[in-house]
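Structural overview for review
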2 protein chains.
Amino acid sequence: MEAEIKKILKQNELSVTESRSRILEIFLDNKGAMAHCDIEKKFGEKMDRVTVYRTLQTFLSKGIIHTIPTSDSSIQYALCKSDCTEGHHHDDHVHFVCDECGTTVCLDDITTPALKLPKGFKPKQVEVVVSGTCKNCN
Amino acid sequence: MEAEIKKILKQNELSVTESRSRILEIFLDNKGAMAHCDIEKKFGEKMDRVTVYRTLQTFLSKGIIHTIPTSDSSIQYALCKSDCTEGHHHDDHVHFVCDECGTTVCLDDITTPALKLPKGFKPKQVEVVVSGTCKNCN
DNA sequence: CAAACTATGCAACTTTGTTGCAAAGGTTTT
DNA sequence: AAAACCTTTGCAACAAAGTTGCATAGTTTG
(Lines give C-alpha, C1' and ligand atoms only; values in the text may rest on other atoms or scores of the structure.)
Protein backbone atom coordinates (compact mmCIF):
# COMPACT_ATOMS: atom_id res chain seq x y z
CA MET A 1 0.00 0.00 0.00
CA GLU A 2 2.66 2.47 1.04
CA ALA A 3 4.73 1.41 -1.92
CA GLU A 4 1.76 1.94 -4.23
CA ILE A 5 1.23 5.45 -2.88
CA LYS A 6 4.89 6.33 -3.31
CA LYS A 7 4.83 5.00 -6.85
CA ILE A 8 1.83 7.08 -7.87
CA LEU A 9 3.34 10.27 -6.46
CA LYS A 10 6.73 9.68 -8.08
CA GLN A 11 5.13 8.83 -11.40
CA ASN A 12 3.53 12.24 -11.31
CA GLU A 13 6.75 14.02 -10.36
CA LEU A 14 5.51 14.95 -6.93
CA SER A 15 7.61 14.88 -3.80
CA VAL A 16 6.44 12.27 -1.32
CA THR A 17 5.10 14.16 1.68
CA GLU A 18 2.98 13.03 4.59
CA SER A 19 -0.09 15.07 3.61
CA ARG A 20 -0.10 13.86 0.03
CA SER A 21 0.43 10.27 1.08
CA ARG A 22 -2.37 10.39 3.62
CA ILE A 23 -4.87 12.00 1.26
CA LEU A 24 -3.98 9.61 -1.51
CA GLU A 25 -4.37 6.72 0.93
CA ILE A 26 -7.91 7.81 1.72
CA PHE A 27 -8.78 7.85 -1.96
CA LEU A 28 -7.33 4.36 -2.44
CA ASP A 29 -9.19 2.99 0.61
CA ASN A 30 -12.45 4.66 -0.03
CA LYS A 31 -13.37 3.80 -3.60
CA GLY A 32 -16.19 6.35 -3.78
CA ALA A 33 -15.95 10.06 -4.45
CA MET A 34 -15.33 12.60 -1.72
CA ALA A 35 -15.92 16.28 -1.23
CA HIS A 36 -13.36 18.57 0.32
CA CYS A 37 -15.17 18.53 3.65
CA ASP A 38 -15.21 14.73 3.81
CA ILE A 39 -11.45 14.68 3.66
CA GLU A 40 -11.14 17.45 6.19
CA LYS A 41 -13.33 15.53 8.63
CA LYS A 42 -11.24 12.38 8.29
CA PHE A 43 -8.23 14.22 9.62
CA GLY A 44 -9.78 16.33 12.32
CA GLU A 45 -7.19 18.92 13.26
CA LYS A 46 -4.23 16.93 12.09
CA MET A 47 -4.07 18.72 8.76
CA ASP A 48 -4.60 22.32 7.79
CA ARG A 49 -7.59 23.15 5.59
CA VAL A 50 -5.32 24.99 3.23
CA THR A 51 -3.14 21.94 2.72
CA VAL A 52 -6.17 19.89 1.73
CA TYR A 53 -7.19 22.52 -0.82
CA ARG A 54 -3.72 22.71 -2.28
CA THR A 55 -3.20 18.97 -2.37
CA LEU A 56 -6.49 18.41 -4.19
CA GLN A 57 -5.53 21.14 -6.68
CA THR A 58 -2.21 19.44 -7.29
CA PHE A 59 -3.76 16.00 -7.73
CA LEU A 60 -6.32 17.46 -10.12
CA SER A 61 -3.77 19.16 -12.33
CA LYS A 62 -1.66 15.99 -12.45
CA GLY A 63 -4.68 13.91 -13.40
CA ILE A 64 -4.52 11.71 -10.30
CA ILE A 65 -8.10 12.63 -9.41
CA HIS A 66 -11.01 14.12 -11.35
CA THR A 67 -14.08 16.12 -10.41
CA ILE A 68 -17.68 15.01 -10.65
CA PRO A 69 -20.40 17.55 -11.41
CA THR A 70 -23.07 18.01 -8.74
CA SER A 71 -26.23 20.05 -8.40
CA ASP A 72 -25.36 21.36 -4.98
CA SER A 73 -22.32 23.52 -4.54
CA SER A 74 -20.00 20.75 -3.38
CA ILE A 75 -17.25 19.47 -5.62
CA GLN A 76 -16.79 15.73 -5.57
CA TYR A 77 -13.37 14.28 -6.27
CA ALA A 78 -12.55 10.71 -7.28
CA LEU A 79 -9.47 8.76 -8.28
CA CYS A 80 -8.77 8.48 -11.98
CA LYS A 81 -8.12 5.13 -13.52
CA SER A 82 -4.44 4.36 -13.85
CA ASP A 83 -4.36 5.13 -17.55
CA CYS A 84 -5.08 8.82 -16.93
CA THR A 85 -2.05 10.99 -17.41
CA GLU A 86 -1.52 14.72 -17.21
CA GLY A 87 -3.70 16.45 -19.77
CA HIS A 88 -5.00 13.17 -21.13
CA HIS A 89 -7.95 12.01 -19.10
CA HIS A 90 -10.34 9.17 -19.63
CA ASP A 91 -13.29 10.74 -17.91
CA ASP A 92 -15.79 8.98 -20.07
CA HIS A 93 -17.53 6.91 -17.43
CA VAL A 94 -20.87 7.36 -15.73
CA HIS A 95 -21.21 8.56 -12.14
CA PHE A 96 -23.85 7.41 -9.72
CA VAL A 97 -25.09 9.37 -6.70
CA CYS A 98 -27.21 7.53 -4.16
CA ASP A 99 -30.13 9.52 -2.78
CA GLU A 100 -30.24 7.37 0.36
CA CYS A 101 -26.67 7.17 1.60
CA GLY A 102 -25.33 10.13 -0.33
CA THR A 103 -22.29 8.34 -1.69
CA THR A 104 -21.01 8.93 -5.19
CA VAL A 105 -19.37 6.13 -7.13
CA CYS A 106 -17.72 5.87 -10.53
CA LEU A 107 -19.23 3.24 -12.77
CA ASP A 108 -16.03 2.73 -14.67
CA ASP A 109 -17.47 0.11 -16.97
CA ILE A 110 -20.38 2.20 -18.18
CA THR A 111 -19.14 4.64 -20.77
CA THR A 112 -21.00 7.80 -21.66
CA PRO A 113 -23.20 7.42 -24.75
CA ALA A 114 -22.76 9.28 -28.01
CA LEU A 115 -25.28 12.08 -28.45
CA LYS A 116 -26.75 13.86 -31.44
CA LEU A 117 -26.43 17.58 -30.83
CA PRO A 118 -28.04 20.44 -32.79
CA LYS A 119 -26.07 21.92 -35.67
CA GLY A 120 -23.14 24.08 -34.63
CA PHE A 121 -22.44 22.42 -31.29
CA LYS A 122 -19.11 20.60 -31.04
CA PRO A 123 -18.92 18.31 -28.04
CA LYS A 124 -15.62 17.73 -26.29
CA GLN A 125 -16.67 15.97 -23.13
CA VAL A 126 -19.89 14.34 -21.96
CA GLU A 127 -20.60 14.09 -18.24
CA VAL A 128 -23.34 11.77 -17.02
CA VAL A 129 -24.50 11.69 -13.42
CA VAL A 130 -27.25 9.26 -12.50
CA SER A 131 -29.03 9.56 -9.17
CA GLY A 132 -31.20 6.95 -7.52
CA THR A 133 -30.66 4.03 -5.15
CA CYS A 134 -27.32 2.27 -5.05
CA LYS A 135 -26.41 -1.40 -4.72
CA ASN A 136 -26.00 -1.22 -0.95
CA CYS A 137 -29.19 0.69 -0.16
CA ASN A 138 -31.45 -1.48 -2.25
CA MET B 1 -43.77 40.64 -21.19
CA GLU B 2 -44.94 42.08 -17.92
CA ALA B 3 -48.19 40.22 -18.32
CA GLU B 4 -46.31 37.00 -18.96
CA ILE B 5 -44.27 37.47 -15.79
CA LYS B 6 -47.35 38.17 -13.72
CA LYS B 7 -49.05 35.11 -15.15
CA ILE B 8 -46.19 32.80 -14.25
CA LEU B 9 -46.00 34.09 -10.69
CA LYS B 10 -49.76 33.85 -10.14
CA GLN B 11 -49.88 30.36 -11.64
CA ASN B 12 -47.41 29.34 -8.98
CA GLU B 13 -49.32 31.02 -6.17
CA LEU B 14 -46.67 33.62 -5.57
CA SER B 15 -47.32 37.24 -4.78
CA VAL B 16 -46.15 39.56 -7.53
CA THR B 17 -43.27 41.57 -6.09
CA GLU B 18 -40.68 43.73 -7.77
CA SER B 19 -37.74 41.46 -6.97
CA ARG B 20 -39.44 38.35 -8.25
CA SER B 21 -40.60 40.07 -11.38
CA ARG B 22 -37.17 41.44 -12.14
CA ILE B 23 -35.37 38.14 -11.58
CA LEU B 24 -37.93 36.29 -13.64
CA GLU B 25 -37.55 38.87 -16.38
CA ILE B 26 -33.82 38.21 -16.54
CA PHE B 27 -34.46 34.51 -16.95
CA LEU B 28 -36.95 35.14 -19.74
CA ASP B 29 -34.63 37.55 -21.54
CA ASN B 30 -31.50 35.56 -21.14
CA LYS B 31 -32.34 32.11 -22.39
CA GLY B 32 -29.16 30.53 -21.00
CA ALA B 33 -28.47 29.39 -17.47
CA MET B 34 -27.19 31.70 -14.77
CA ALA B 35 -25.36 31.32 -11.50
CA HIS B 36 -26.33 33.26 -8.41
CA CYS B 37 -23.47 35.72 -8.91
CA ASP B 38 -24.54 36.50 -12.50
CA ILE B 39 -27.90 37.64 -11.23
CA GLU B 40 -26.36 39.62 -8.43
CA LYS B 41 -24.10 41.44 -10.88
CA LYS B 42 -27.02 42.39 -13.11
CA PHE B 43 -28.60 44.33 -10.28
CA GLY B 44 -25.56 45.92 -8.71
CA GLU B 45 -26.70 47.29 -5.39
CA LYS B 46 -30.34 47.54 -6.29
CA MET B 47 -31.18 44.22 -4.70
CA ASP B 48 -29.99 42.53 -1.56
CA ARG B 49 -27.96 39.35 -1.89
CA VAL B 50 -30.29 37.63 0.54
CA THR B 51 -33.31 38.40 -1.60
CA VAL B 52 -31.67 36.80 -4.61
CA TYR B 53 -30.93 33.66 -2.61
CA ARG B 54 -34.47 33.46 -1.29
CA THR B 55 -36.08 34.17 -4.63
CA LEU B 56 -34.07 31.46 -6.34
CA GLN B 57 -35.01 29.04 -3.55
CA THR B 58 -38.67 29.91 -4.03
CA PHE B 59 -38.53 29.54 -7.81
CA LEU B 60 -36.75 26.21 -7.41
CA SER B 61 -39.31 24.78 -5.04
CA LYS B 62 -42.15 25.89 -7.29
CA GLY B 63 -40.52 24.33 -10.32
CA ILE B 64 -40.13 27.61 -12.20
CA ILE B 65 -36.39 27.05 -12.53
CA HIS B 66 -34.12 24.02 -12.23
CA THR B 67 -30.47 23.50 -11.35
CA ILE B 68 -27.74 22.26 -13.67
CA PRO B 69 -24.83 20.28 -12.24
CA THR B 70 -21.36 21.76 -12.68
CA SER B 71 -17.83 20.66 -11.91
CA ASP B 72 -16.91 23.87 -10.19
CA SER B 73 -18.73 24.92 -7.08
CA SER B 74 -21.20 27.23 -8.79
CA ILE B 75 -24.84 26.29 -9.14
CA GLN B 76 -26.39 27.13 -12.50
CA TYR B 77 -30.10 27.89 -12.69
CA ALA B 78 -32.30 27.82 -15.78
CA LEU B 79 -35.97 28.26 -16.58
CA CYS B 80 -38.05 25.12 -16.74
CA LYS B 81 -40.25 24.45 -19.71
CA SER B 82 -43.81 25.52 -19.13
CA ASP B 83 -45.01 21.98 -18.49
CA CYS B 84 -43.05 21.74 -15.27
CA THR B 85 -45.22 21.98 -12.21
CA GLU B 86 -44.44 21.77 -8.53
CA GLY B 87 -42.94 18.39 -7.70
CA HIS B 88 -43.32 17.18 -11.27
CA HIS B 89 -40.36 18.27 -13.32
CA HIS B 90 -39.33 17.41 -16.83
CA ASP B 91 -35.62 17.72 -16.29
CA ASP B 92 -34.80 15.10 -18.84
CA HIS B 93 -32.95 17.26 -21.33
CA VAL B 94 -29.25 17.64 -22.07
CA HIS B 95 -27.24 20.69 -20.97
CA PHE B 96 -24.41 22.23 -22.92
CA VAL B 97 -21.59 24.30 -21.44
CA CYS B 98 -19.39 26.25 -23.85
CA ASP B 99 -15.69 26.22 -23.00
CA GLU B 100 -15.12 29.45 -24.96
CA CYS B 101 -17.83 31.82 -23.79
CA GLY B 102 -18.75 30.00 -20.62
CA THR B 103 -22.49 30.04 -21.23
CA THR B 104 -24.71 27.14 -20.33
CA VAL B 105 -27.76 26.34 -22.42
CA CYS B 106 -30.56 23.80 -22.19
CA LEU B 107 -30.91 21.61 -25.25
CA ASP B 108 -34.58 21.01 -24.63
CA ASP B 109 -35.03 18.78 -27.65
CA ILE B 110 -32.26 16.34 -26.77
CA THR B 111 -33.48 13.99 -24.09
CA THR B 112 -31.17 12.05 -21.82
CA PRO B 113 -30.51 8.51 -23.05
CA ALA B 114 -31.47 5.31 -21.27
CA LEU B 115 -28.50 3.60 -19.64
CA LYS B 116 -27.70 0.07 -18.62
CA LEU B 117 -26.51 0.12 -15.04
CA PRO B 118 -24.85 -2.68 -13.05
CA LYS B 119 -27.11 -4.96 -11.01
CA GLY B 120 -28.60 -3.39 -7.90
CA PHE B 121 -28.53 0.22 -9.08
CA LYS B 122 -31.93 1.83 -9.53
CA PRO B 123 -31.80 5.07 -11.52
CA LYS B 124 -34.23 7.87 -10.76
CA GLN B 125 -32.77 10.76 -12.70
CA VAL B 126 -30.10 11.06 -15.36
CA GLU B 127 -28.20 14.33 -15.74
CA VAL B 128 -26.15 14.93 -18.87
CA VAL B 129 -23.82 17.89 -19.26
CA VAL B 130 -21.89 18.21 -22.50
CA SER B 131 -19.01 20.65 -22.77
CA GLY B 132 -17.38 21.89 -25.94
CA THR B 133 -17.89 24.74 -28.39
CA CYS B 134 -21.34 26.23 -28.82
CA LYS B 135 -23.20 27.44 -31.89
CA ASN B 136 -22.10 31.05 -31.46
CA CYS B 137 -18.42 30.40 -30.80
CA ASN B 138 -17.93 28.03 -33.70
C1' DC C 1 25.18 16.05 4.97
C1' DA C 2 24.48 20.47 3.25
C1' DA C 3 22.39 23.35 -0.14
C1' DA C 4 18.42 24.14 -2.87
C1' DC C 5 13.95 23.76 -3.46
C1' DT C 6 9.12 22.69 -2.30
C1' DA C 7 5.26 21.98 0.76
C1' DT C 8 3.07 23.08 5.03
C1' DG C 9 0.78 25.80 8.60
C1' DC C 10 -0.59 30.12 10.22
C1' DA C 11 -2.86 34.50 9.88
C1' DA C 12 -5.59 37.48 7.58
C1' DC C 13 -8.81 38.09 4.20
C1' DT C 14 -12.52 37.46 0.48
C1' DT C 15 -16.44 35.19 -1.13
C1' DT C 16 -20.53 32.56 -0.51
C1' DG C 17 -24.45 31.19 1.93
C1' DT C 18 -27.69 31.41 6.29
C1' DT C 19 -30.76 33.22 10.07
C1' DG C 20 -33.64 36.50 12.96
C1' DC C 21 -36.08 40.44 13.01
C1' DA C 22 -38.17 45.03 12.12
C1' DA C 23 -39.92 47.67 8.34
C1' DA C 24 -41.91 47.93 3.83
C1' DG C 25 -44.72 45.98 0.28
C1' DG C 26 -48.53 43.14 -1.58
C1' DT C 27 -53.22 41.13 -0.95
C1' DT C 28 -57.77 40.73 0.72
C1' DT C 29 -61.85 42.36 2.82
C1' DT C 30 -65.32 45.49 3.56
C1' DA D 1 -60.06 53.22 -1.02
C1' DA D 2 -58.49 52.28 3.47
C1' DA D 3 -57.63 49.10 7.09
C1' DA D 4 -56.20 44.67 8.56
C1' DC D 5 -53.60 40.85 7.43
C1' DC D 6 -49.99 38.30 5.72
C1' DT D 7 -45.66 37.93 3.03
C1' DT D 8 -41.41 39.66 1.37
C1' DT D 9 -37.50 42.55 1.74
C1' DG D 10 -33.28 44.59 3.59
C1' DC D 11 -30.24 44.93 7.29
C1' DA D 12 -27.05 43.09 10.57
C1' DA D 13 -24.66 39.57 12.28
C1' DC D 14 -22.98 35.29 11.62
C1' DA D 15 -21.17 30.71 9.63
C1' DA D 16 -18.92 28.24 6.09
C1' DA D 17 -15.96 27.84 2.09
C1' DG D 18 -12.10 29.20 -0.42
C1' DT D 19 -7.73 32.21 -1.31
C1' DT D 20 -3.13 34.52 -0.63
C1' DG D 21 1.48 35.82 1.39
C1' DC D 22 5.00 34.50 4.08
C1' DA D 23 8.06 32.26 7.50
C1' DT D 24 9.13 27.60 8.92
C1' DA D 25 9.58 22.77 8.31
C1' DG D 26 10.22 18.90 5.30
C1' DT D 27 11.98 16.63 0.97
C1' DT D 28 15.23 15.93 -2.61
C1' DT D 29 19.60 16.21 -5.04
C1' DG D 30 24.51 16.31 -5.53
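Structure's up top.
Residues numbered from 1 in each chain as written. Chains lettered and ligands numbered in written order. Predicted model: local features only at pLDDT ≥ 70, side-chain atom pairs only at ≥ 80, totals over all residues.

1. Notes on the sheet that holds strand E6 (residues 122-133) of chain A
The six strands lie next to each other as E5(A)-E4(A)-E6(A)-E6(B)-E4(B)-E5(B), forming an open sheet whose pairing is mixed. What marks the edges here is a single partner per strand, and that holds for strand E5 (104-111) of chain A together with strand E5 (104-111) of chain B. The mean inter-strand angle of the sheet, taken between neighbouring strand axes irrespective of direction, is 30 degrees. When strand E4 (residues 93-98) of chain B meets E5 of chain B, the two strands line up antiparallel, connected through five bridges. Bridge pairing links Val 94 of chain B to Leu 107 of chain B in E5 of chain B. (Pairing = 2+ DSSP bridges. Helix = DSSP H or I, 4+ residues; strand = E, 2+ residues; numbered from the N terminus. Axes fitted to C-alpha atoms, helices over the stretch in contact; angles between N-to-C directions.)

2. Section: unusual backbone geometry
All names here are of chain A. Even without being glycine, Glu 13 reaches a positive phi, approximately 60 degrees. Relative to the helices and strands, Glu 13 is located in the loop between helix H1 (2-11) and helix H2 (18-29). Under the C-beta neighbour-count criterion, Glu 13 is labelled exposed, with 8 such atoms within 10 Å. (Buried ≥ 20, exposed ≤ 12 C-beta atoms within 10 Å, placed from the backbone.)

3. Notes on the protein's contact with DNA strand C
Neighbouring DNA strand C are 21 residues, the closest being Thr 17, Ser 19, Asp 48 and Thr 51 of chain A together with Ser 15 of chain B. If you list the elements that add at least two residues to the surface near DNA strand C, you get H2 and helix H4 (49-62) of chain A together with helix H3 (36-43) and helix H4 (49-62) of chain B. No other element matches the four residues that H4 of chain A contributes to the surface near DNA strand C. In terms of residue class, the surface near DNA strand C is built from eight nonpolar, nine polar and four charged. (Near = placed C-beta within 6 Å. Nonpolar A, V, L, I, M, F, W, Y, C, P; charged D, E, K, R; others polar.)

4. What to know about the sheet that holds strand E2 (residues 65-68) of chain B
Spatially, the three strands line up as an open sheet ordered E1-E3-E2 (chain B), and their pairing is antiparallel. Edge positions in the open sheet fall to strand E1 (34-35) and E2 of chain B, since each of these has one partner strand only.

5. Quick word on the environment of His 95 of chain A
Residue and element names in this part refer to chain A. Mapped onto the elements of the fold, His 95 is located in strand E4 (residues 93-98). Here His 95 falls in the buried class, since 25 other C-beta atoms lie within 10 Å of it. Placed 32 residues apart in sequence, His 95 and Glu 127 show a C-alpha to C-alpha distance of 8.3 Å. Here His 95 is in contact with Ile 68, Thr 104, Cys 106, Leu 107, Val 128 and Val 129, once residues within four sequence places are set aside. (Contact = placed C-beta atoms within 7 Å.)

6. So, the nonpolar core
Nonpolar side chains in soluble globular proteins generally cluster together in the buried interior. Core analysis: the largest hydrophobic core is formed by 58 residues, its most contacted members being Ile 65 and Phe 96 of chain A together with Ile 65 and Phe 96 of chain B. Beyond its immediate chain neighbours, meaning those up to four positions away, Ile 65 of chain A contacts Phe 27, Phe 59, Leu 60, Tyr 77, Ala 78, Leu 79 and Cys 80 of chain A. (Core = buried A, V, L, I, M, F, W, Y, C linked by C-beta atoms within 7 Å.)

7. What to know about the protein's contact with DNA strand D
Close to DNA strand D lie 22 residues, the nearest being Ser 15 and Val 16 of chain A together with Thr 17, Ser 19 and Thr 51 of chain B. Residue assignment for the surface near DNA strand D shows that the elements contributing at least two residues are helix H3 (36-43) and H4 of chain A together with helix H2 (18-29) and H4 of chain B. Ranked by residues supplied to the surface near DNA strand D, first place goes to H4 of chain B with four residues. Here the surface near DNA strand D is composed, by residue class, of eight nonpolar, nine polar and five charged.

8. Remarks on the interface of chain A and chain B
The interface is formed by 33 residues belonging to chain A together with 34 residues belonging to chain B. Elements with a contribution of two residues or more to the side of chain A that touches chain B: E4, E5 and E6 of chain A. Examining the composition of the side of chain A that touches chain B, we find that 12 residues originate from one element, E6 of chain A, more than from any other. In the side of chain A that touches chain B, the residues fall into 17 nonpolar, 10 polar and six charged. Pairing between E6 of chain A and strand E6 (residues 122-133) of chain B: 11 bridges, direction antiparallel.

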